[in-house]
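Summary of structural features
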Amino acid sequence: MNASPEAFDEIRPYRDEEVREVVERLTKDAEFKKAILRFKFPKLANSLLALPLAWLVGRELSKRLAKINTIHDLQVYVESYMAEMIANTTQGFSVEGLENLKADESYLFISNHRDIAMDPAFVNYALHVKGRNTVRIAIGDNLLKKNYVNDLMRLNKSFIVQRSAKGVRQMMAAFNLLSRYIHHSIKEENHSIWIAQKEGRAKDGIDRTDPAIIKMFYMAEKKSGKSFGECIAGLKIVPVALSYEYDPLDIDKSRELVQIEQEGHYAKSEFEDITSIAQGIAGFKGKVQVAFGQPLGKNYADADAVAAEVDRQIRQLYKLYPSNYLALEALNEAEDFTIPTFDARTKAEFTQRLATCPEDYKQQWLKLYANPVKNYLGRL
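In this text the structure is predicted, and so the values were computed from the model without any measurement.

Some thoughts on the sheet that holds strand S7 (residues 286-292)
With respect to topology, seven strands assemble into an open sheet ordered S1-S7-S6-S2-S5-S3-S4, the strand pairing being mixed. If you trace the sheet from one side to the other, it starts and ends with strand S1 (90-96) and strand S4 (158-161), each paired once. In this sheet, adjacent strand axes meet at a mean angle of 25° when their direction is disregarded. Strand direction decides the pairing type here: strand S3 (residues 136-140) and S4, joined by four bridges, are parallel. Each bridged residue has a counterpart across the sheet, and for isoleucine 139 the counterpart in S4 is isoleucine 160. Helix-sheet contacts for helix H7 (residues 168-188) involve strand S2 (108-111), S3, S4 and strand S5 (193-196), and the interaxial angle to S4 is about 155°.

So, in structure tokens, the structure goes:
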């Protein structure tokens, strides 16, 4: 299934030879500089100081990014910020299962999805610190409405999932291109892929794989003569479980779900996804774990069977924290399950965090944390 280098230009990450041009463009992008101002100096972003501050931001960007000439340069640069973020916003980061995967092979990592940016970032960091190659990241074009966001993501090895395609024919063409690119990356370029198990984050804490994603993987080889199982085995699918003790966006997710329940819909604000990314990076996460599962073989008849196996592994790999058990207890849904005993400090931390949640959202907030336990016990 050979493809020309230009076949995937519409969706692929940037290449090394494109890096300098993109970096220069970013340092001059007014919206990018304004976004940095809103994040770093929210009270000054709309003041008379905004213009000179934006100029200073551009100058600082040019200075910091002057030595970024390749994708690897950028990821090494980002590594120090990841290490700082982990030190400041977590109480420990752990990795399990990576020793079972070969360092010189590429894989299709399918993970649960809790945070827009941090999920693939933590997977990448887990690989990078162990001397493994980082992944190419699937990202929906709904997050790329701003040119600078598109540039930033594609610089960081993201490729585009064209969710905005309209009409059956256009959607099928987009999915086929995506399927071909995933096969091309893994089999011809020996470059691993990260993709979420379904579109959108699991805002209720329930991790489920969408079989439609598995069907998309098969599209590129449907006419090859290979069986469905052979296609799955060739992609070397590895389930990955990301477990956060605390979700920096727990209140926001709870508010959204309550609003949908009460009003039937939820409308995002203009910069909500950008704000969510910033909150996910800067917010407190407690302990965080990335756990890699076992590659799937070929004994799968259809997409539902593959989705079920991915779900099974993620459910077993998911690390349950005190926050999960204490939420289940607070909902009075522990039933016959014995809640582990936790010290007073751990309980106080949980109680204090729950207290920050508005009363109207507390029930949903507790469900977000309790559902992983119920899922593990097979009660969902």
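Following the structure, the description resumes.
Topic: the packing of helix H13 (residues 322-330) against helix H15 (residues 362-376)
Contact geometry for H13 and H15: axes closest at 7 Å, N-to-C directions at 105°. The orientation of H13 with respect to H15, classified from their angle, is roughly perpendicular. For the pair formed by H13 and H15, the contact residues are Ser323, Asn324, Tyr325, Ala327, Leu328 and Ala330 on the first element and Leu366, Tyr369, Ala370, Pro372, Val373 and Lys374 on the second. Of the residues in the contact of H13 with H15, the class split is nine nonpolar, two polar and one charged.

The rules behind the values
Residues numbered from 1 in each chain as written. Predicted model: local features only at pLDDT ≥ 70, side-chain atom pairs only at ≥ 80, totals over all residues. Heavy atoms only, no water. Pairing = 2+ DSSP bridges. Helix = DSSP H or I, 4+ residues; strand = E, 2+ residues; numbered from the N terminus. Axes fitted to C-alpha atoms, helices over the stretch in contact; angles between N-to-C directions. Contact = heavy atoms within 4.5 Å. Parallel < 35°, antiparallel > 145°, perpendicular 65-115°, else oblique. Nonpolar A, V, L, I, M, F, W, Y, C, P; charged D, E, K, R; others polar.

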